[in-house]
Amino acid sequence: MDVVLEARQLAKAYGVGRDALQVLGGISFSVGKGEFVSIVGPSGCGKTTLLFALAGLQKASTGTVTFNGRPVTAPPRGVAVVFQDYSRSLFPWKSNRDNVAFGMVRVEGLSSVQKRDKAQEMLEAVGLQGFEDKYPWQLSGGMQQRVAIARGLASQSELLLLDEPLAAVDAQTRADMQDLLLDLAMRFKQTCILVTHDVEEAVYMADRVVVLTRRPTVVDHEIAINLGKQRDQITTREDHRFLAARHDVMMSIRSSRTAAPATAA
Amino acid sequence: MSILPDRQRYSALVLPVVLLLVWQVLAWRASTPLFPGPGQVAISIWRLYPQIVGQIGYTLMRAAAGFLVAAVVMIPLGILLGRLKTVGSVLEPILDMMATLPPPAVVPIVMLFAGTGDAAKIAVIAYAAGIPLIMNTYEASKTLHPMATLVARSLRLRRLETMVFIDLPASLPMIATGVRLAVASALLVSVTAEMLLATNGIGVFLQRQQENFQIANGLAAIAFISMIGLIVNDLVQRLERRLLFWHYRLDLHNER
Ligand SMILES: Nc1ncnc2c1ncn2[C@@H]1O[C@H](COP(=O)(O)OP(=O)(O)O)[C@@H](O)[C@H]1O
Ligand SMILES: [Mg+2]
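The structure reproduced in this document is the subject of the present report.

Scoring rules and cut-offs
Residue numbering note: each chain is counted from 1, following its sequence as written. By the order in which they are written, chains take letters starting at A while ligands take numbers starting at 1. Per-residue local features are limited, in this predicted model, to residues with pLDDT of at least 70; the limit for side-chain atom pairs, both in listing and counting, is 80 or more; totals at the level of whole chains, interfaces and linings are taken over all residues. Side-chain numbers come from the whole structure's heavy atoms, not from hydrogens or water. Put simply, DSSP marks the helices as runs of H or I at least four residues long and the strands as runs of E at least two long, and each gets a number from the N terminus on. In this scheme, a residue with accessible area under 20% of its type's maximum is buried, one over 50% is exposed, and one in between is partly exposed, where area comes from a 1.4 Å probe on protein chains only. By the convention used here, residues are in contact when the closest approach between their heavy atoms is within 4.5 Å. What sets the accessible areas is the Shrake-Rupley method with a 1.4 Å probe; for residues, cover comes only from the shown protein chains. In this tally, Lys and Arg are treated as positive and Asp and Glu as negative; His is ignored, and so are the chain termini. In this description, the location of a charge corresponds to atom NZ of lysine, CZ of arginine, CG of aspartate or CD of glutamate. Computed with a 1.4 Å rolling probe, the buried area is the accessible surface lost when two parts are put together, summed over both parts. Definition used for salt bridges: Asp or Glu carboxyl oxygen within 4 Å of a side-chain nitrogen of Lys or Arg. By nonpolar core we mean a set of buried residues, namely Ala, Val, Leu, Ile, Met, Phe, Trp, Tyr and Cys, connected to one another through side-chain atoms within 4.5 Å.

Before going further, it helps to spend a moment on the overall build of chain B. Helix and strand counts for chain B stand at ten helices and zero strands. In sequence order, chain B lays out its α and β elements as α-α-α-α-α-α-α-α-α-α. Projecting the C-alpha coordinates of chain B onto the three principal axes gives extents of approximately 75 × 55 × 30 Å. By the burial criterion, 39% of the 256 residues in chain B qualify as buried. Of the contacts made within chain B by residues no fewer than 6 positions apart, 76% connect residues no fewer than 24 positions apart. Surface summary for chain B: the accessible area is close to 14500 Å², and the carbon and sulfur share equals 70%. Averaging the locations of the 20 positively and 13 negatively charged side chains of chain B gives two centres separated by 2 Å.

Next up on the list: the interface of chain A and chain B. Contact residues are listed per partner, giving 25 residues for chain A and 22 residues for chain B. In terms of surface lost to chain B, no three residues of chain A exceed W93, R106 and W137 of chain A, which account for 32% of the buried area on that side. Counting the contacts that link chain A with chain B gives one salt bridge. In this structure, R106 of chain A engages E161 of chain B in a salt bridge whose closest nitrogen and oxygen atoms are separated by 3.7 Å.

Let us now look at the nonpolar core. Counting 49 residues, the largest nonpolar core has F36, V40, V100, I149, L162, V209 and V249 of chain A as the members making the most contacts within it. Grouped together as the second largest cluster of nonpolar side chains are 48 residues, L212 of chain A together with M147, A176 and L244 of chain B included.

This is how it looks when you write it as structure tokens:
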């Protein structure tokens, strides 16, 4: 499988000297083309930090990220990010359609009419037909996150990075949006990295789960989830392979919680 | 679309009417040309309005020119300074100092460079209008939520694109505050500058009437100035609500 993204020994400390907080302690993993990879770790372990480093939004202290074989130093063409804070990541002065189209500002070779059409298509793909001319602040949280997802998909990126996109929506909406995301990833053959603290979500969504330790965070281990691309909220969650994977991830998170030394403060 | 609902608008009229009546009564009792009542002022307005309107034209043109110069220079500069954190923090004390300086105080300095003509007056007006514009724009641009920058960077916007497409619209609510202050300031300073650098305009008219103890005529001019002020203020507010519907979360589709 072609490797799209590779992280090698990513480490990141915030601050310097005595007050330094070592967040990432040398994280390595890779993601292949068409894969859906979940990265799961407890809150505060540095998932956002890691995702921003992968996206070229924030420099790691040491280590490298390569995207399609090239080192990432700034946000590369072909990587889109869906942020956790969806309400702030959309622009209130733009209609939903314009927000999605704005995801393509720096996409070359598309006229503004084509971008508009593409935005329309993506809004329909996330189930928001009829809301194109509304503004993000006229939508519920889940719908706003759909707009952000549509924006991420519209830029025709090779890699979609999702930072706990469903952490702030209610349970029913979350389940619906998990299926929506899976459906979209399959339809657009979109390579995805989903970062989450929710173990069940990580397993349900992914072809492979990367389990993180607590700070200073490293990769504890990886598990392949051999449940096929087609998932179902009821049957998949009852499948013994799902339950085994869930058990495995929870055990390792629990043991890293008790075994790890107190973080350097 | 009006700011006040109808009932409130009518009740807002009560106080001015009462004040006008009290004023008229006091003027009758004083019965001297140095204390004209609203009746005499009305007569002055009737007699002099062609002249007043002509003079106000000059005043408004200069106020508008000064405001435009200030807006074109100070809004982009404020956005830029908000991004260039170090330059901004170096310039900040200078801005604070300029903000405390009353615009008429700069008139002698401006006269040195620009003489006493239109250019000088427009420069003074631009200075006065520029202060609230840059202060508010800079403050807004400086305090933008970091999320906006992250999104801009992840969409691979260039610096200039970020400033134009994100920083500027995101700063508009505070810029609007600056605009309101700047418009008021431009009108005020426009009249003041005319009184100091006399040639024409409503300020000169006003000064002349007062020098000749034509108090009623002077008050007529003042009535016109305040009316213009109210109209301009109302226009600015309407424009603001139209452009910033997203800030006030006005539902466009339900409103019309
Ligand atoms: N810019 C920053 N400066 C200092 N500390 C930070 C910064 N960003 C995050 N942190 C700290 O780093 C740790 C990891 O943060 P984050 O990556 O947001 O974790 P997660 O997304 O897993 O919840 C947290 O303890 C957080 O307080
Ligand atoms: Mg986070």
